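Here is how the chains run, residue by residue.
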Amino acid sequence: MITVEDVITLALPPGTLVVAGESGLSREVTWASRIRSTPPAFGHLVGGELVILPVSVLEQLDERLKLDEAVSRLAELGVAATAVAGTIGKPAREAADAAGLPLLALPKGADIGALERDAARIISERRRAVQHRGQEVLRQLMDLAIAGEPLGDIVRELARSSGRPVALEGRDGRLLTYHVPGKSAPERDALATMLQRDRPVVARWLRTTAEASPADPPTSLYELDHSWSRLVAPVIGRDGLLGSVSLIVPRGRATPEDAQVTARGSAACAVVLAREQAAATVRREVELHVLDEVLDGALRSEATLLQQARRLGHDLLGPHVAVVARMQSGASGPVRAEPNDERWDGLEEAIARIGTARGGRVLWRIRNNGAEFVIPAAGPRDDRRIAESIRDDLRGLVRAGSDGGVSVGAGTVREGLQGIRRSHAEARQALLLGRRLSGPNHLTLFGELGVYRLIFAAESLPELGDLYQQTLGDLLAYDRQNSADLVSTLRAFFEANGSPKEAAERLGVHRNTVLYRLDRIREITGFDLDDAGVRMRLQFALHVHLALGESLSA
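Conventions adopted
- Residues numbered from 1 in each chain as written.
- Predicted model: local features only at pLDDT ≥ 70, side-chain atom pairs only at ≥ 80, totals over all residues.
- Heavy atoms only, no water.
- Helix = DSSP H or I, 4+ residues; strand = E, 2+ residues; numbered from the N terminus.
- Rg over C-alpha atoms; globule rule 2.2 N^0.38 Å.
- Contact = heavy atoms within 4.5 Å.
- Areas by Shrake-Rupley, 256 points an atom, 1.4 Å probe, with all protein chains shown as cover.
- Lys, Arg positive; Asp, Glu negative; His and termini not counted.
- Charge placed at Lys NZ, Arg CZ, Asp CG, Glu CD.
- Salt bridge = Lys/Arg side-chain N within 4 Å of Asp/Glu carboxyl O.
- Buried < 20%, exposed > 50% of the residue type's maximum accessible area, 1.4 Å probe, protein only.
- Core = buried A, V, L, I, M, F, W, Y, C linked by side-chain atoms within 4.5 Å.
- Pairing = 2+ DSSP bridges.
- Axes fitted to C-alpha atoms, helices over the stretch in contact; angles between N-to-C directions.
- pLDDT = per-residue confidence, 0-100.
- Polar contact = N/O pair within 3.5 Å; in protein donor to acceptor, adjacent residues only side chain to side chain.
- Phe/Tyr/Trp six-rings, centres within 6.5 Å; stacked < 30°, edge-to-face > 60°.
- Lys NZ or Arg CZ within 6 Å of the ring centre and 35° of its normal.
- Expected span 1.5 Å × (residues − 1).
- Bend = angle between axes of the 7 residues up to and from the residue.
- Parallel < 35°, antiparallel > 145°, perpendicular 65-115°, else oblique.

Visitor: Break down the overall build of the protein for me, citing the residues and quoting the values.
Guide: Secondary structure summary: the protein contains 18 helices and 16 strands in total. Taken against the 2.2 N^0.38 rule, which gives 24 Å for 554 residues, the C-alpha radius of gyration of the protein at 36 Å runs more than 25% over that of a compact globule. Projecting the C-alpha coordinates of the protein onto the three principal axes gives extents of approximately 115 × 60 × 40 Å. Relative to all contacts within the protein whose residues are 6 or more apart in sequence, the contacts with residues 24 or more apart total 62%. Roughly 27,100 Å² of accessible area belongs to the protein as shown, and the carbon and sulfur atoms make up 49% of that amount. A gap of 2 Å separates the mean positions of the 69 positive and 73 negative side-chain charges of the protein.

The structure is reproduced here in structure tokens:
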């Protein structure tokens, strides 16, 4: 586009002054037209024009018509600017400032007719030149896109053609690539910081452009700091916004060519991103199918499954560890996957980046309010390093509430399909027990669960259920019927190494209350709590209760 500021420089005579309405200097000018002395004076205006207005014409039209009234009327019609030949009074300047309409004072002796013709010609030629430049850039970029060149090459060519630094951001605002054709430009890290600071405002504008044409997207100018601005255009795909392209320009130096080039670069990036998105979608669907078969047990031919995984770059016969994470979003409870939930979209994109950062060899899926990973391991003791890395990557994704965070459970490192499935079961058990033992937002490794590993392994044995019922059954029934706390008191007593005083402190009750409850436990169970064997049996049953809940009570 060509702006009012461009027209002043290119088409208006030297000595032309901006006397009011400076805020509108970036408006686009589509044509130049003067006001004539025969009515209707404003009927030919459609908006976007540079209106050339001799003050003497107003008197010929209507001696009561003042310049400030004419300025207000022109502003209502949407003209780009008004160039006045004659005296401009304070009321007219105030009206122009109020409307944000540039009011220009032409030098004395300006030839109005010649000025109109010259300005219209220059504006027309300039618009054609800008459009031609945009089409030339688009042709060059589309040649690369159609040839299957990657996004980095598209951005590099856009930077070379425009002579400006170019940044490509993903839908979530992440800086995907940045190319600088010369030396004068912000450093990548500094630019990323400026873009993130600017992100909320730009994101709101980008959301309003999602229905625009991918081939002719709009552009908008935003200031980054005291030295730099950016012209940004949305990258639009079939299903909406894919990202954005920005030309980084010195502040106050953006040109119509920059806007055209930004839009054309966005159109070319849309082609490449749409192609990459389609390929990634197909790959993702196949990986999900493979992972579902491995973890959920619906195995077809094992050889076929392994071959399909190998084509995707996954050697499932090697050592792997399963990690299960549960996202918590503060007071609102767990993060839930809802249709059209932008927060969940961002979470899924972030989890996908975790896999990409590990060479694309991570299989992952989202289930309800959590994520499940199957990750190659370097050795049998690699479970903690991998689990901590996943936990650290996921932290910060849940932004709501001070108690928001991530609970993580990790299985042991195992090989083969059955080993992966077993590690996954271990990870889920570790997550469940970690939340029971320590509450949310902790990392629990199955390999460090001690006696609980034995309990989980023996869960299906009838002997375990019999021992549990014979040891704690009467106490559990008494607690349910009387709303008592005998089981929790027994647990606190053992955790306090048999000290009633310390147990009372743990429970927040008086020491005599603990002593009374211990007597009731003796009466109900008939157990001698001073007997070492009885204590071991009770403690083991309490571990079973903690690990498996009352699932064994049926």
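Visitor: Describe in detail the pattern of salt bridges, supporting the description with residues and values.
Guide: Under the criterion given, the structure shown has 31 salt bridges. Across the pair E125 and R121 runs a salt bridge, and its minimum N-O distance is 3.5 Å. Of this pair, E125 and R121 both sit in helix α5 (residues 112-146), 4 residues apart, roughly one helical turn. Note that R365 and D292 form a salt bridge whose closest N and O atoms lie 2.8 Å from each other. Highlighted residues: R365 in strand β12 (residues 363-367) and D292 in helix α8 (residues 256-296), separated in sequence by 73 residues. For D292, a relative accessible area of 25% puts it in the partly exposed group. Three or more residues joined by partner-sharing salt bridges are found here, namely D292, D296, R365, R367 and E372.

Visitor: I'd like a description of the nonpolar core, backed by residues and values.
Guide: Y452, F456, L472, L490 and L538 are the most contacted members of the largest nonpolar core, which has 35 residues in total. Those elements that provide at least two residues to this core are α12 (416-438), α13 (451-457), α14 (462-482), α15 (486-495), α16 (500-507), α17 (511-525) and α18 (532-548). Among the elements that line this core, the one with the most residues is α18, at 8 residues. Excluding residues that lie within four positions of it along the chain, F456 makes contacts with Q429, L433, F446, L449, A547 and L548.

Visitor: Report on the sheet that holds strand β2 (residues 31-34), specifying residues and quantitative values.
Guide: Here 5 strands make up an open sheet; going across it, the order is β1-β5-β4-β3-β2 and the pairing mixed. Looking along the sheet, the strands with just one partner apiece sit at the ends: β1 (17-20) and β2. Neighbouring strand axes in the sheet, compared pairwise and without regard to direction, differ in orientation by 30° on average. Relative to strand β4 (residues 81-85), strand β3 (residues 49-54) is paired through 5 bridges, and the arrangement is parallel. From the neighbouring strand, L53 faces β4, where its bridge partner is V84. Across the sheet, helix α4 (residues 90-99) lies against β1 and β5 (103-105), angled at about 85° from β1, the strand it touches most.

Visitor: Go over the sheet that holds strand β6 (residues 166-170) with me, naming the residues and quoting the values.
Guide: The 5 strands lie next to each other as β7-β6-β10-β9-β8, forming an open sheet whose pairing is antiparallel. Unpaired on one side and paired on the other, β7 (175-179) and β8 (220-223) mark the two borders of the sheet. Adjacent strand axes in the sheet meet at a mean angle of 25° when their direction is disregarded. Here β6 runs beside β7; their pairing, made up of 4 bridges, is antiparallel. Its bridge partner being in β7, V166 is matched across the sheet by H179. Packing against the sheet, helix α6 (residues 151-162) makes contact with β6, β7 and β10 (240-250), and its axis sits at approximately 145° to β6. Running over the sheet, α8 touches β6, β9 (228-237) and β10 and is turned about 40° from β9.

Visitor: Account for the pairing of β9, with residues named and values stated.
Guide: Taking burial as the measure, the 10 residues of β9 include 10 buried ones, the bulk of the element. With burial as the criterion, each face of β9 is covered, one bearing W228, R230, V232, P234 and I236 and the other bearing S229, L231, A233, V235 and G237. Taken together, β8 and the strand that follows it, β9, pair antiparallel across an intervening segment of 4 residues. Where β9 lies against β10, 10 bridges are found, and the strand directions are antiparallel.

Visitor: Quick one: what's the story with the confidence of the model for the protein, residue by residue and with numbers?
Guide: In the predicted model, the protein carries a mean pLDDT of 84, and the fraction of residues at 70 or more is 90%. Segment residues 399-403 is flagged for pLDDT under 50; beyond a separation of four residues in sequence, or across chains, it makes 7 contacts in the model.

Visitor: An account of the side chain of E49 is requested, with residue identities and associated values reported.
Guide: On the secondary structure map, E49 appears in strand β3. Buried within the structure, E49 lacks any salt-bridge partner; its nearest side chain of opposite charge belongs to R27, at an N-O separation of 9.6 Å. Within polar-contact distance, the side chain of E49 engages the backbone nitrogen of V46 at 2.8 Å. When near neighbours in sequence (up to four residues on either side) are disregarded, E49 contacts T30, W31, H44, V79, A80 and A81.

Visitor: I'd like to hear about the packing of aromatic side chains, residue by residue, with values.
Guide: Under the criterion given, the structure shown has 2 aromatic pairs. Note on W205 and Y222: the rings are 6.4 Å apart at their centroids and 65° apart in plane angle, and the pair reads as edge-to-face. Of this pair, W205 sits in helix α7 (residues 188-208) while Y222 sits in strand β8, and the two are 17 residues apart along the sequence. Like W205, the residue Y222 is buried in the burial classification. Both rings, one in F493 and one in F494, keep their centres 5.8 Å apart while their planes meet at 50°; by these two values the pair is tilted. By the burial criterion, F493 is buried, and F494 matches it. Taking NZ or CZ as reference, R284 lies 3.5 Å from the ring centre of W364, over its face.

Visitor: Report on α14, specifying residues and quantitative values.
Guide: The terminal C-alpha atoms of α14 lie 28 Å apart, and with 21 residues this matches the ideal 30 Å at 1.5 Å per residue to within 8%. The principal kink in α14, of about 55°, is found at L472. Buried residues of α14: L464, G465, Y468, T471, L472, G473, L475, L476 and D479, and no others. Those residues of α14 that are buried are in contact with α13, α15, α17 and α18.

Visitor: Tell me about the packing of α16 against α17, and please be specific about residues and values.
Guide: Remark: α16 packs on α17, axes separated minimally by 8 Å, with the N-to-C direction vectors making an angle of 105°. Comparing the axis directions of α16 and α17 gives the class roughly perpendicular. Contact residues: P500, K501, A503, A504 and L507 in α16; R511, V514, L515 and R517 in α17.

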